[in-house]
Amino acid sequence: MTDQIPAGEPPLGSLSCPEPEDRPDLWPTTARRTDDGELVLGGLTVSEILAEAPSPVFVLDEADLRGRAASWAAAMHEEFWPSYGMAGGEAFYAGKAFLTTKVAQWVLEEGMGIDTASRGELAVSLAALQEVSGEEATTDATRLGLHGNGKTQAEIAVALTHHVGHLVLDSLEEVELAVRAVRELRASGVYGPEETGKVMVRLTTGVHAGGHEYISTGHEDQKFGLSVHGGAARQTIDAIIAAPELELHGLHSHIGSQILDLAGFREAVGIVLTLRHEVAVDTGHLCPEVDLGGGYGIAYTGADPVPPSPAQVARTLAEAVRETCERLGDEVPTVSIEPGRAVAGPTTVTLYTVTGLKRVELGEGASRLYVSIDGGMSDNIRPALYEAAYTALVANRRPDPQAGLVRSRVVGKHCESGDVVVRDVDLPADLAVGDVLAVPATGAYGRSMASNYNLFTRPGVRWVCEGESGWVLRPETIEDLVRLEG
Ligand SMILES: *Cc1c(COP(=O)(O)O)cnc(C)c1O
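Residues numbered from 1 in each chain as written. Predicted model: local features only at pLDDT ≥ 70, side-chain atom pairs only at ≥ 80, totals over all residues. Heavy atoms only, no water.

So, about the environment of L473. Inspection of the secondary structure assignment puts L473 in strand β21 (residues 468–473). If near-sequence neighbours (up to four positions away) are discounted, L473 is found in contact with F98, T100, R447, G460 and V461. (Helix = DSSP H or I, 4+ residues; strand = E, 2+ residues; numbered from the N terminus. Contact = heavy atoms within 4.5 Å.)

Below you can see the structure in the form of structure tokens.
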């Protein structure tokens, strides 16, 4: 190959996608190659999967998702086990990462609760909870939560009616709405005359962490939460404590997303528990629970480090909580966390078919191969939205090492030049139209953020498990697209 890589870019070969055997954390746990070199997921080869579910398609490894949910739940239960002087720990799946009734059932069955941020996510989670635990569970939905800034009174009332475990208020206005909702529930007899609404408060701690400005939420100049340092948090907390309709159950902090260094979480623990202490000194109310949010990072490409395990995360948090409470002389709270990406992200691979190849000359002998695929920003908006990096592996055959590599960019078929799925990857130089590319780690914020831009039908999500497969979510059809037209 005479073509050069563009000046200033890393050497050819350094941007190749790792095989599942080399970086298992990047791939679903069942991913491997057959002797013929085809990628296998959940016991099915890529050609077997595509025969039932044409590309583009998200392929979700059910055993992997269940396993991750079980690991997070177990890690929190074990590290915060009450007999170790702790008060219990729980993991809630952040449903916004990817939620359907089936996925909600899987995570509930494996021991996680579910955090929601809308009427839709809450309704799907309630339906799953009813399936898993019976109808009684939905009137005491302690395993569910409701988040969000700018909640309406109706949304708050739904959460209170079902007694969700974590109703996380985000403003002083929401306190007023919750008070009114409880009064109405008492008046209508849904609540007893003295019954209170259990609420938490979302704090902004000032801790800076996370991948991109849009997904970093602990710093204070932003829409989420109430500032600990500015006094807004304390004002809201005092309003809740003063309201006979409400009970302040806990404090909540979510410092950001895609965080691989645990130092920020330790810092947040100190800030949240110190505020809890100050509130107790001033009012006598020691919050029984603290929720430390989500944001645990995953690997998207070979350049990302291997993320900490659920056990490492839970141990770090437990140590920080224990030390801080000892120093303050407070009883330890129950502690919960809300991983989303770390549960769903690595379980899913998007399969695309190569539809076109274009070598673009960049001058001085350098060139880049633009690889068109049958999807794009409508099924993965994260590169355009957050400059998120992904990688891609040829999945229908094992690439011939003799063929060499070419610096490539994988692009979608939308009417935007920013429609890039993989910005930089070294692909085999004999890549051909019809080859299948697998993009790993698309389980979180992939299908859940998909759009119908250009009137694309959104791809389906196919579960695979031990050689079986089915739809988690069917692919949209043109009929679906026109169904809502007035
Ligand atoms: C987004 C979000 C999460 C989950 O974040 P991940 O990065 O997917 O773990 C958890 N809690 C809250 C409040 C969130 O907004």
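Attention now moves to empty space enclosed by the protein. Tallied over the full model, the rule gives two cavities of 30 Å³ or more. In this structure, the second largest cavity spans a volume of roughly 40 Å³. Taken together, F58, L60, F98, T348, T442, G443, R447 and V461 form the lining of the second largest cavity. (1 Å grid on protein atoms, 1.4 Å probe; cavity = no way out; pocket = protein on both sides within 12 Å on 5 of 7 lines; lining within 4 Å. Points joined across faces, edges and corners; volume = space filled by probe spheres on them.)

Our next topic: unusual backbone geometry. With an omega dihedral of -5 degrees, the bond running from S55 to P56 counts as a cis peptide bond. Inspection of the secondary structure assignment puts P56 in the loop between α1 (46–52) and β4 (57–61).

In terms of nonpolar packing, the biggest core is built from 115 residues, with Y93 and L437 touching the most fellow members. Sequence-distant contacts of Y93, defined by excluding residues within four places in its chain, comprise F98, L99, V103, V107, M112, G113, I114, D115, P339, G340, V343 and A344. (Core = buried A, V, L, I, M, F, W, Y, C linked by side-chain atoms within 4.5 Å. Buried < 20%, exposed > 50% of the residue type's maximum accessible area, 1.4 Å probe, protein only.)

Looking now at the packing of aromatic side chains. In the structure shown here, the tally under the stated rule is three aromatic pairs. Residues F265 and Y296 carry aromatic rings whose centres are separated by 4.6 Å and whose planes lie at 25 degrees to one another, so their mutual orientation is stacked. Of this pair, F265 sits in helix α8 (residues 263–283) while Y296 sits in the loop between β12 (289–291) and α9 (310–328), placing them 31 residues apart in sequence. On the numbers, 5.1 Å between centres and 75 degrees between planes, the contact of Y300 with Y390 is edge-to-face. Of this pair, Y300 sits in the loop between β12 and α9 while Y390 is found in the loop between α11 (382–386) and β16 (393–394), placing the two residues 90 residues apart along the sequence. Look at Y390 and you get buried, because its relative accessible area is 3%. Taken together through their ring pairs, the aromatic side chains of W72, F265 and Y296 make up a single cluster. (Phe/Tyr/Trp six-rings, centres within 6.5 Å; stacked < 30°, edge-to-face > 60°.)

On to the pairing of strand β19 (residues 436–440). When you tally the buried positions in β19, you get five out of five residues, the bulk of the element. Along β19, one buried face is formed by V436, A438 and P440 and the opposite face, lined by L437 and V439, is buried too.

Turning next to the pattern of salt bridges. One pass over the full model with this rule turns up 21 salt bridges. A salt bridge links D426 to R407; its shortest N-O distance comes to 2.6 Å. In this pair, D426 sits in strand β18 (residues 420–428) while R407 sits in strand β17 (residues 405–411), placing the two residues 19 residues apart along the sequence. Note on accessibility: D426 and R407 belong to one class, buried. Across the pair R409 and D424 runs a salt bridge whose closest N-O atoms are separated by 3.5 Å. Within this pair, whereas R409 is found in strand β17, its partner D424 is found in strand β18, the two being separated by 15 residues in sequence. The class for R409 is buried, based on a relative accessible area of 9%. For D424, a relative accessible area of 28% corresponds to the partly exposed category. (Salt bridge = Lys/Arg side-chain N within 4 Å of Asp/Glu carboxyl O.)

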